[in-house]
Amino acid sequence: MPDCIFCSIVSGEIPANIVLRTAEVVAFTDLDPKAPTHILVIPTEHHENAASLAVANPIQAAAVLAATEQVATESGLSDYRIVFNTGAEAGQSVFHAHAHVLGGRDLGWPPG
Ligand code: 5GP
Ligand code: ZN
């Protein structure tokens, strides 16, 4: 998708600190971390949000979820939060589906 930052990270056009790359997903550290560990897991295909990804490509949706566990474990986390912001009002600013993997501090509940 032209002008999509995350498609550009998948293609390598925009650099990122990549912690995992498979045929289905890319995971990299967030540029502006909201917790001591903050990793983004994205599907290699462009879909606007998590639900549209799941409908269009359930294999990649499952791969994103499985990768959250892998990157969390490899970061030394047993407890972590997975967030899929969906829509601008929910805080989504990049409209390429992505899981936030957050941990390394007490995250509290419910979120603000
Ligand atoms: P959203 O707000 O859409 O749920 O999350 C987008 C996330 O992408 C934000 O946490 C933001 O810090 C991160 N982000 C935006 N642009 C870049 C970038 O170019 N590189 C990296 N590593 N993270 C980015
Ligand atoms: Zn994209």
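The paragraphs below set out a description of the structure included in this document. (Residues numbered from 1 in each chain as written. Chains lettered and ligands numbered in written order. Predicted model: local features only at pLDDT ≥ 70, side-chain atom pairs only at ≥ 80, totals over all residues. Heavy atoms only, no water.)

## Considering a nonpolar patch on the surface
Taken together, the side chains of L65, I82 and F84 present a nonpolar region at the surface, about 230 Å² in accessible area. Checked against the element boundaries, I82 lands in strand β4 (residues 81-83). For I82, a relative accessible area of 34% corresponds to the partly exposed category. (Patch = residues over 30% accessible without salt bridge, like charges linked within 9 Å, V, L, I, M, F, W, Y side chains within 5 Å. Areas by Shrake-Rupley, 256 points an atom, 1.4 Å probe, with all protein chains shown as cover. Salt bridge = Lys/Arg side-chain N within 4 Å of Asp/Glu carboxyl O. Helix = DSSP H or I, 4+ residues; strand = E, 2+ residues; numbered from the N terminus. Buried < 20%, exposed > 50% of the residue type's maximum accessible area, 1.4 Å probe, protein only.)

## What to know about the coordination of the zinc ion (ligand 2)
The protein atoms donating to the zinc ion (ligand 2) are C4 (SG), C7 (SG), H46 (ND1) and H96 (ND1), with metal-donor distances spanning 2.1 to 2.3 Å. Seen from the zinc ion (ligand 2), its 4 donor atoms lie at angles of 107 to 115°, and the figure they make is tetrahedral. Donor residues for the zinc ion (ligand 2) sit on one chain with the sequence pattern C-x2-C-x38-H-x49-H. Of this pair, C7 sits in helix α1 (residues 5-11) while H96 is found in the loop between β4 and β5 (99-103), placing the two residues 89 residues apart along the sequence. Residues C7 and H96 agree in their burial class; the two are buried. (Donors = N, O, S within 2.8 Å, 3.2 Å for Na, K, Ca; no water. Tetrahedral: all angles 85-135°; square planar, octahedral: opposite > 155°, others 65-115°.)

## Quick notes on the pairing of strand β1 (residues 18-21)
Across 3 bridges, β1 lies against strand β2 (residues 25-29) in antiparallel orientation. Across the sheet, the residue bridging to R21 is V26, located in β2. The hairpin formed by β1 and β2 contains 3 residues between the paired strands. (Pairing = 2+ DSSP bridges.)

## Considering the packing of aromatic side chains
One pair of aromatic rings is described through two measures. These are the centre distance and the angle between the planes. Applying the stated rule across the entire model yields 1 aromatic pair. Measuring from centroid to centroid gives 5.5 Å for F6 and F28, while their planes differ by 75°, and the two rings are edge-to-face. Of this pair, F6 sits in helix α1 while F28 sits in strand β2, and the two are 22 residues apart along the sequence. We classify F6 as buried; its relative accessible area is 7%. Taking the relative accessible area as the measure of exposure, F28 reaches 3% and is therefore buried. (Phe/Tyr/Trp six-rings, centres within 6.5 Å; stacked < 30°, edge-to-face > 60°.)

## Observations concerning the site of ligand 1
Contacts to ligand 1 come from 17 residues, most closely from D30, N85, G91, S93 and H100. The backbone of G91 places a nitrogen or oxygen atom 2.6 Å from an oxygen atom of ligand 1. In the model, an oxygen atom of ligand 1 is placed 2.6 Å from a nitrogen or oxygen of the S93 main chain. When ligand 1 is considered free in solution it has 520 Å² of accessible area, and contact with the protein chains removes 86% of it. (Near = heavy atom within 4 Å. Polar contact = N/O pair within 3.5 Å; in protein donor to acceptor, adjacent residues only side chain to side chain.)

## A look at the nonpolar core
The biggest cluster of nonpolar side chains holds 16 residues, and the ones touching the most others in it are L20, V25, A27, V41, V64, V71 and V101. For this core, the secondary-structure elements that each account for two or more residues are β2, β3 (37-43), α3 (58-74) and β5. For this core, the leading source of residues is α3, giving 6 residues. Beyond its immediate chain neighbours, meaning those up to four positions away, V71 contacts V19, L20, A27, I39, V41 and V101. Among the nonpolar cores identified, the runner-up in size contains 10 residues, and C4, F6, C7 and F28 belong to it. (Core = buried A, V, L, I, M, F, W, Y, C linked by side-chain atoms within 4.5 Å. Contact = heavy atoms within 4.5 Å.)

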